[in-house]
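Descriptive structure summary
So the chains spell out like this:
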There are 2 protein chains.
Amino acid sequence: MSLVIVGSVAFDTIETPLARRERIIGGSCTYSALAASFFTRPKIVAVVGEDFPRETADFLKKRRIDLKGLTVVPGGKTFFWEGRYGDDPNQRETLKLDLNVFNDFRPILPPSYRAPDILFLANIGPDLQEHILAQVKRPRIVAMDTIRHYIVTQPDAIDRVLRKVDIYFANDEEARLLTREQNLVRAGRSLLDRGPRLVVVKKGEHGALVFGPDFVFGIMARPCEGVVDPTGAGDSFAGGFLGYLDKTPGRTPKDIRRAAVYGSVMASFVIEDFGIGRFLTLDRGQVEGRLRQFRKLSTF
Amino acid sequence: MSLVIVGSVAFDTIETPLARRERIIGGSCTYSALAASFFTRPKIVAVVGEDFPRETADFLKKRRIDLKGLTVVPGGKTFFWEGRYGDDPNQRETLKLDLNVFNDFRPILPPSYRAPDILFLANIGPDLQEHILAQVKRPRIVAMDTIRHYIVTQPDAIDRVLRKVDIYFANDEEARLLTREQNLVRAGRSLLDRGPRLVVVKKGEHGALVFGPDFVFGIMARPCEGVVDPTGAGDSFAGGFLGYLDKTPGRTPKDIRRAAVYGSVMASFVIEDFGIGRFLTLDRGQVEGRLRQFRKLSTF
């Protein structure tokens, strides 16, 4: 079993109604790999500049994340994102986006990365997603995420990647944008027709809908009265989901549901602190505790 | 066990993006009593005019709803509501509201109504809700619902009723309006401080959150790709919830959760047709079938 994740490793400047943090560690690859690391040992593919902190790399290694695919560009600057959340944590505004070292990133995968069981093409440009996909022996599961920016600017490339993946993680806005369907059940089903065998529509505080060939089910988000920072919730959902699947032989709808609950559990942790703060002290026992809580609160 | 429901029985004119229906049967009492009738024999308190159709009264009787508390005002006109839904079925606009016979309705309860096990003060003015409450021997459970109109125009009366009830059913907009909290978990907890022991915040397609003294849990809405008419979904939720509780001796959190799932099941049916159309042919077997579906899709 092995999980390869390609995505962004970034500095984020984040403003919420209550606080602001400058240049903290973020990025879709960082969040999803950390969430997955509670279940398996993810290998990451990403690029950073020389400004990337040693202690963060050390923390990722401590979480047994394989950094062989992490390129450090001498003299380069790490991807930077600045965003602001309003009172509704489901809504955010991008204030600044500097791809920096990601601009020309065309990595050659290390040999140990080329036959993954699961490949997660996390949120980064579709061209880079295809470049990675072309280098691996067909994995058991290919999953992808993307954002509004690429859906709007590179719709054809997104469509191409969609046809090659098994699982697509979208949020509600992205699902509506891609399908032009307001109703999320119709949007999810319509996305199934674009290629993936499984579509996960993430709805922030309202949980997620999971669409398969002959089922659709919902997963609650854990009720939270103080979202500190919603950044990375969707990536952590995907990381927990895929990390659990990487360690599970089964593929029944029940296995998929448990994967989705683990995704929701990982998202429920990450929003409790800024950036990856909550993952610094989290342990597997706490993860299992929250899974048991989900189970208890869903029996009737 | 007995359940008394006071609320509106109405004619509704409803416009959705796909169709329009003129003067069909609606009203909070109608929807909640019909939903409850799949579990218990509700007694209703309401008023209609002479224009109210005989066949509707016959149908309510066929569903074993006790109409002794239904007043028919000679020469009077039945409550009328006209509303429009946009593409988002969670949003609606009231175009017209004529209280008509409800204007001066101050009923004296039939003796057989005065010691209910559960009293549901469904959506109608808070003065009428208090008038009814004053006539009953303290029920095991008093529940209430209301709407934006009364929260805005009679906030003090709403506060008085809230202090006297055990369960408050609000939708997300009403919960936020009453508490001035954007976060629904904080809003729900804050509503618990206003009197009720249990607060249900209904979120339309996103399900509901249920708040108790030492728990909060979420209930999914059944994913639906074609909402025909969302009218009455909240009332049907409350009717299913309270109808089930009326037939259940237990009051454990698990009982409350099952009541909430039955609420969600009844709401999932009513939105499949205009007005009370879906209830005309529904049977208990279909209700149980959908409960089993909920259970299957929530195990992991």
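This section reports on the structure supplied with the text. (Residues numbered from 1 in each chain as written. Chains lettered and ligands numbered in written order. Predicted model: local features only at pLDDT ≥ 70, side-chain atom pairs only at ≥ 80, totals over all residues. Heavy atoms only, no water.)

Examining the relation of the copies chain B and chain A
Taken together, a rotation about one axis and a shift along it account for how the two chain copies relate. With an RMSD of 0.0 Å, chain B superimposes on chain A once it is rotated by 180° and translated 0.0 Å along the axis. The operation mapping one copy onto its partner corresponds to a two-fold rotation axis. Taking C-alpha positions as reference, the residue of chain B nearest the rotation axis is histidine 206 of chain B, located at 3.0 Å. Interface overlap between copies is the fraction of interface residues in one copy that are interface residues in the other; for chain B against chain A it reaches 97%, indicating a shared surface. (Least-squares fit on C-alpha atoms with pLDDT ≥ 70 in both. Contact = heavy atoms within 4.5 Å.)

A closer look at the packing of helix H3 (residues 126-133) of chain A against helix H5 (residues 155-164) of chain A
Residue and element names in this part refer to chain A. Where H3 contacts H5, the axes come no closer than 9 Å and their chain directions differ by 35°. The way H3 lies across H5 gives a crossing that is left-handed. Residue-level contacts link Pro126, Gln129, Glu130 and Leu133 of H3 to Ala157, Ile158, Arg160, Val161 and Lys164 of H5. In terms of residue class, the contact of H3 with H5 is made up of five nonpolar, one polar and three charged. (Axes fitted to C-alpha atoms, helices over the stretch in contact; angles between N-to-C directions. Helix = DSSP H or I, 4+ residues; strand = E, 2+ residues; numbered from the N terminus. Left-handed = near helix turned anticlockwise from the far one by under 90°. Nonpolar A, V, L, I, M, F, W, Y, C, P; charged D, E, K, R; others polar.)

Topic: the sheet that holds strand S3 (residues 20-26) of chain A
All names here are of chain A. Ordered in space as S3-S2-S6-S7, the four strands form an open sheet in which the pairing is mixed. Looking at which strands have only one partner, the edges of the open sheet turn out to be S3 and strand S7 (92-98). Strand-to-strand, the axes of this sheet are offset by a mean angle of 20°, without reference to chain direction. As paired elements, strand S6 (residues 79-85) and S7 share six bridges and run antiparallel to each other. Following the sheet pairing, phenylalanine 80 is matched in S7 by aspartate 98. Helix-sheet contacts for helix H1 (residues 28-36) involve strand S2 (10-15) and S3, and the interaxial angle to S3 is about 65°. (Pairing = 2+ DSSP bridges.)

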